[in-house]
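Letter by letter, the chains look like this.
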Amino acid sequence: MASISRRSLLHASVMLALAASSVLGGAQEHKAPPPGPMYASDRITLQSPSLTLKLLSYSGTVAQLSPQSAPTWDYAPGDLLKERSADTFYHLGDLDLRFRTKGATEWTTVSTAFHRAPVKVLSSNEKTFSADVTSSFPEGTPLDVVRTWAVENGDVTLHFTLTNRGDQALELGGIGMAMVFNNMINTRTLEQAYGACSFYDPYIGEDAGYVQVSPLKGTGPVLLVVPDGHTPLEAWKPIGDKRDRKTGLGELGNDPEGHWTTFEGSYDWMVNSKAYADTDWHGAQEWNNPTEQTLAPGQSVTVGVRFLVAPGLRQIEPTLAAHRRPVAVGVPGYILPQDIDAKLFLRYDKPVKSMTVEPANAIAIHDDGKLKSGLHAYSLNGKTWGRSRLTITYEDGTVQTIGYRTIKPERETLADLGHFLFNDQWFDDKNDPFHRGPSVISYDNEAHKQVTQEPRVWIAGLSDEGGSGAWLASAMKEYLEPNKEEVAKLEAFVNQTVWGHLQVADGPQKYGVHKSLFFYQPDAMPNFQYDKDINWKSWTSWNKEGSDDVGRTFNYPHVVAAYWSLYHVARNTNGLATEKPWPWYLDQAYETTIAMQTQAPYYLRFGLMEGTVFLRLLDDLKHEGIEDTQWADKATKLEAMMRERAGIWKDEAYPFGSEMAWDSTGQEEVYDWTNYFGDKDKAEVTLNAILAYDPTIPSWGYNGSARRYWDFLYGGKYPRVERQLHHYGSGLNAIPLLAEYRAHPDDLYLLRVGYGGVMGPLSNIDEKGFASAAFHSFPDRMAFDPYTGDYGPNLLGHALNTGVYVTHDEAMGWLSFGGNLAQHGDTLHVTVLDSSRKRVFLAPAGLWITLDAGQIASVDYDTKRQTVRVHLTAATDTVKSARLRYEATAGGHAWTITGNYGKDGGASVVALGSGETTVELRQQ
């Protein structure tokens, strides 16, 4: 039954995306062109020790690319070759060029994919296939292009030699090698997609750049595409999907395969990009400085890439190093709070010649020297808020760039966010006929105003992810760091707007959550003036009946999280939450969760974004149930409900999805519950799937940035299918990654990816406190979207997961994520600087320390005596005692607290004084 529903869901998802794209200016439905002559051509086979490559003799492009260790796997979309064999469909091996005669103003664009002609074979044997591909260019093109596939030094390589056969010098402003892999989920079920498709991510790092291609299942060999010779990965250009509606063929530079929820699109590896930066991308701040090169008459230039295979995701960096590629590892990543002492480790067989930072002095760098492991270590401190580029030049001329983003200290960033949310985004129109006030409402940072009308009505209607994003962020901010005035406003919103308006307060639909408070129905709102400049004719402009629907299960976790946040504020502070006592908020969270079964059962079959809040709610019910059986009874009922859901997932091969055919947010909750109920195999399947789309790459934008590419359609000001950087998948997918790391503290890869995701949500907050839904990665924009959109789930992922992680790596030494570390003999002193100040994980000890109330200033870990001293901050007017918990997460020795402390809900109660209070833990 699940398989059938997913198949129908896939079709519905594509139709939904098509409808949205049509309305919002994207893809249109089109007829498919017939197969082209290349499909019937012979196959040429080249084999290296790691790869089998099959080429089409007609075009010289890739028909199949399979690893020797998994010969049935195909990184190329070979199973779609027939459907994709007509003109304008791109394949691995195609080339886009943009050039002009030196001194001219206009650029000329040509592509081997646009109008194919048979290539002229120059050489073909078991190790080489070389062909002149100039026949695919328009007559009069002054460039000859020879493409050569070869097996060289044990690796498959691809080279293009461009020769200026004209009598005038040519400026090459765009050289783009098409990177086309099988990320095409179109027409596939989830099972089929995980059995055939790969996702790929770029490190846009100049000569050190590469592309990693990983199977969706997250296991098995990973393809790495690296420069061969001087072929920098300067930019990553999307191949569009504009097409001729009559023929179904793509326009020049476009592939007719439509972009929607089941296909992100393909890209060009740009060696030179200035011709695009000066035109199509004008005004955007690129990852690297755009360049061009000049070819004199008769002169040639060769660019190329080499194809490597890593045994798995965790072996990407060792494989790069083994092939003498530069490797960079940033700790805690590439998002730098200004008070954090960060580290950078470089591995390359040539010494560093120079390092430069743009803007100048944006990052302070100290050379720590070469370690015994061979790594070169540096200490970094972010100084100037915003984006910066670190350029490393090695002695052999190799250039490596790393994109960093500096933010304010995490606590300051949160304070800015809270101020902006509860002031600029505070909506308190008492005459609003949609009953949206008081609330924290969506915001347009470009127009500097609240979004109170939108044709996608949920954005202005406080529901769905795109409309709840602002107020959910406000709830999570107060959970992390409550402020008296802000908590009062949050309580007003929850008690006056959520309960009784957004959420049904009585009757047969009690606790149901509406899809939107705002709607478009002029006859029902005769006294309201709808904006006449807005197109209200699309499916997104729900009427009152559509907005009142309570059947979308995905809306419920947002409301649960708001109640749950206020439960924690009321339970763990004095005098901040005053409208309702903590039991009321806890019970509201519980009842809203249970209501999903009666009011919105359909989507319970899927993991829900933010579903971790249900597990945290269960923990709290159990804690309160120690002293009050009513909570214990509710914990039992909630656990039974979740066990039933996990039972469904147990029988599915890949138990995650959503309304969309493929998604990257349900995995978070599926991991939580399958792991909780002991289904370790399914939890591992889920974890591996996350790792497939959540990379660790030397770039603030891509590191820990879980793949999302359609939510600008539903929550962005600039709607299109586009790889979104640090959309809410970053924060949410970090939850299972770090939970798994705490259980396996020897797996540093999990920590690096997970912590990149934890920091992602903070990068979306600008200097004044506005939080964007996500960053536009396409090179024509390269900026955060001006809408708040669905930012809230991102901060929820951060709030539930942030902490300080201390570990030791054999090659890099002692490392700290989220705090600053100093070593004094056998003792490590860790200053806690993350936004929560409530969680510390000591990986070598397997010890997880958390606070319900109070804050941690620092921790001293004696690695020889195996003792930990936790230094708690002084008492305040609202927090007189800390509530401390600790557990050994990775097996081994248990820990115990020294001294006599009372218990409250299973937590140790520590009275706080006027200065720091120290608690000691010892290993038993």
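Residues numbered from 1 in each chain as written. Predicted model: local features only at pLDDT ≥ 70, side-chain atom pairs only at ≥ 80, totals over all residues. Heavy atoms only, no water.

Describing empty space enclosed by the protein
Inference 1: Summed over all chains, the structure comprises 12 cavities of 30 Å³ or more.
Inference 2: The space that makes up the largest cavity amounts to roughly 80 Å³.
Inference 3: Take the lining of the largest cavity: its biggest share by element is 3 residues, from strand β25 (residues 399-407).
Inference 4: The residue makeup of the lining of the largest cavity, split by class, is 6 nonpolar, 4 polar and 1 charged. (1 Å grid on protein atoms, 1.4 Å probe; cavity = no way out; pocket = protein on both sides within 12 Å on 5 of 7 lines; lining within 4 Å. Points joined across faces, edges and corners; volume = space filled by probe spheres on them. Helix = DSSP H or I, 4+ residues; strand = E, 2+ residues; numbered from the N terminus. Nonpolar A, V, L, I, M, F, W, Y, C, P; charged D, E, K, R; others polar.)

Topic: unusual backbone geometry
Inference 1: Of note, the bond from valine 331 into proline 332 is cis; its omega dihedral lies within 30 degrees of zero at 5°.
Inference 2: On the secondary structure map, proline 332 appears in the loop between β18 (327-331) and β19 (335-337).
Inference 3: The omega torsion across glutamate 358 and proline 359 is -5°, close enough to zero to call that bond cis.
Inference 4: Relative to the assigned elements, proline 359 resides in the loop between β21 (352-358) and β22 (363-370).
Inference 5: In this model, threonine 187 sits at a positive phi of 70°, which is unusual for a non-glycine residue.
Inference 6: Here threonine 187 shows up in the loop between β10 (170-179) and α2 (190-196).
Inference 7: Unlike most non-glycine residues, glutamate 610 shows phi in positive territory, near 75°.
Inference 8: Here glutamate 610 shows up in the loop between α11 (582-599) and α12 (612-625).
Inference 9: For glutamate 610, a relative accessible area of 0% corresponds to the buried category. (Buried < 20%, exposed > 50% of the residue type's maximum accessible area, 1.4 Å probe, protein only.)

Here we look at the nonpolar core
Inference 1: Core analysis: the biggest nonpolar cluster contains 236 residues, and Trp149, Leu162, Leu223, Phe307 and Trp662 have the highest contact counts within it.
Inference 2: Ranked by size, the runner-up nonpolar core spans 26 residues in total, among them Val830, Tyr861, Trp895 and Ile897. (Core = buried A, V, L, I, M, F, W, Y, C linked by side-chain atoms within 4.5 Å.)

What to know about helix α13 (residues 629-650)
Inference 1: With 22 residues, α13 extends 31 Å between its outermost C-alpha atoms, agreeing within 8% with the 32 Å of an ideal straight helix rising 1.5 Å per residue.
Inference 2: Where α13 is concerned, the buried positions are Trp631, Lys634, Ala635, Leu638, Glu639, Met641, Met642, Arg645, Ala646 and Trp649. Seen along its axis, α13 keeps its buried residues to an arc of 165°; they face one direction. Facing away from the buried surface of α13 by more than 90 degrees, the exposed residues are Thr629, Asp633, Thr636, Glu644 and Lys650.
Inference 3: Buried residues belonging to α13 abut α11, α12, α14 (666-676) and α15 (680-693).
Inference 4: You can read the cap of α13 off the contacts: a side-chain oxygen lies 3.1 Å from the backbone nitrogen of glutamine 630, and it is on aspartate 628. (Expected span 1.5 Å × (residues − 1). Arc of directions from axis to C-beta. Contact = heavy atoms within 4.5 Å. Polar contact = N/O pair within 3.5 Å; in protein donor to acceptor, adjacent residues only side chain to side chain.)

Some details on the confidence of the model for the protein
Inference 1: When the pLDDT values of the protein are averaged, the result is 95; 97% of them are 70 or greater.
Inference 2: In the model, residues 1-30 has pLDDT below 50 throughout and makes 57 contacts with residues more than four positions away in sequence or in other chains. (pLDDT = per-residue confidence, 0-100.)

Here we look at the side chain of serine 772
Inference 1: When you line up the elements, serine 772 lands in the loop between α18 (748-763) and β31 (775-776).
Inference 2: Here alanine 774 takes part through its backbone oxygen, which lies 3.1 Å from a polar atom of the side chain of serine 772.
Inference 3: Setting aside its immediate chain neighbours within four residues, serine 772 contacts Asn764, Phe784, Asp785, Tyr787, Thr788 and Tyr791.

Quick notes on the packing of aromatic side chains
Inference 1: Throughout the structure, instances matching the rule amount to 60 aromatic pairs.
Inference 2: Between phenylalanine 181 and tyrosine 200, the ring centres sit 5.0 Å apart and the planes meet at 75°, which makes this aromatic pair edge-to-face. Of the two residues, phenylalanine 181 is situated in the loop between β10 and α2 and tyrosine 200 in strand β11 (residues 198-203); the sequence distance between them amounts to 19 residues.
Inference 3: We classify tyrosine 200 as buried; its relative accessible area is 4%.
Inference 4: Seen from their ring centres, tryptophan 499 and tyrosine 511 are 5.3 Å apart, and the 35° between their planes marks the pair as tilted. A residue pair is termed long-range when its members are at least 10 positions apart, and tryptophan 499 in the loop between α8 (484-498) and α9 (544-548) and tyrosine 511 in the loop between α8 and α9 qualify at 12 residues. Note on accessibility: tryptophan 499 and tyrosine 511 belong to one class, buried.
Inference 5: Grouping aromatic residues by their ring pairs yields a cluster made of Phe434, Phe518, Phe519, Tyr520, Phe528, Tyr530 and Trp536.
Inference 6: Just above the ring of tryptophan 542 sits the side chain of lysine 515; from NZ or CZ to the centre is 4.1 Å. (Phe/Tyr/Trp six-rings, centres within 6.5 Å; stacked < 30°, edge-to-face > 60°. Lys NZ or Arg CZ within 6 Å of the ring centre and 35° of its normal.)

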